[in-house]
Amino acid sequence: MPFLCMKTNAKNHSDLEKKLKSAFGEKIALIEGKSEKWLMTEILWDRRLWFRGSSDPCAILLLFVFGRNGSYQSLSMALTELLSKELQIPQSRIYIGIYETDQWAWDGKMLS
């Protein structure tokens, strides 16, 4: 039950939203047991983001994941390459925050 939020200072590319959403769903499967079936995604364009004092194109992905899932290296590289290619953002200007939790509720019930 992952949640992936992308924030970028790139101008709105609404024509890319469905492509990114689908790609996020495909890439999340790099985490064992995760799939697009349970992925919630938020895409936020035109954010006021600065990195290293510059407003040049940059992005941050915030990934919240239920459970302990091991390494995220393959997923991190896949997501970074995707954003760099599709949004023309240098890989060195993309952050990914990954947060694992065992406190997650769905449908009004705590999951265990």
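Right, let's walk through the structure included here. (Residues numbered from 1 in each chain as written. Predicted model: local features only at pLDDT ≥ 70, side-chain atom pairs only at ≥ 80, totals over all residues. Heavy atoms only, no water.)

### Side note on the overall build of the protein chain
Across its full length, the protein chain carries two helices and six strands. Reading the protein chain from its N end, one meets helices and strands in the order β-α-β-β-α-β-β-β. By the compact-globule yardstick of 13 Å for 112 residues, the protein chain fits well, its C-alpha radius of gyration being 14 Å. Counting only C-alpha atoms, the protein chain reaches 40 × 25 × 20 Å along its principal axes. (Helix = DSSP H or I, 4+ residues; strand = E, 2+ residues; numbered from the N terminus. Rg over C-alpha atoms; globule rule 2.2 N^0.38 Å.)

### Examining the pairing of strand S3 (residues 59–66)
In terms of residue burial, S3 counts as a mostly covered element, since six of its eight residues are buried. Inspection of the sheet shows strand S1 (residues 3–8) paired to S3 by six bridges, in the antiparallel sense. Looking across to S3, one finds that Thr 8 is bridged to Ala 59. Sheet topology note: the S3/strand S4 (residues 94–101) ladder contains eight bridges and is parallel. (Buried < 20%, exposed > 50% of the residue type's maximum accessible area, 1.4 Å probe, protein only. Pairing = 2+ DSSP bridges.)

### With respect to the sheet that holds S3
Strand order in this open sheet of four strands is S2-S1-S3-S4, and the pairing throughout is mixed. For this open sheet the edge positions go to strand S2 (40–44) and S4, each flanked by a neighbour on one side alone. Mean inter-strand twist for the sheet, computed between neighbouring axes without regard to direction, equals 10°. Across the sheet, helix H1 (residues 14–28) lies against S1, S2 and S3, angled at about 140° from S2, the strand it touches most. Strands in contact with helix H2 (residues 73–87) are S1, S3 and S4; relative to S4, the strand with the most contacts, it is inclined by about 145°. (Axes fitted to C-alpha atoms, helices over the stretch in contact; angles between N-to-C directions. Contact = heavy atoms within 4.5 Å.)

### Some words on H1
In a regular helix each residue adds 1.5 Å, so 15 residues correspond to 21 Å; H1 covers 21 Å between its end C-alpha atoms and thus fits that length. For H1, the complete set of buried residues consists of Leu 16, Leu 20, Ala 23, Phe 24, Gly 25, Lys 27 and Ile 28. As for H1, its buried residues are in contact with S1, S2, S3 and H2. (Expected span 1.5 Å × (residues − 1).)

Functional significance is not addressed by these values, which are geometric in nature.
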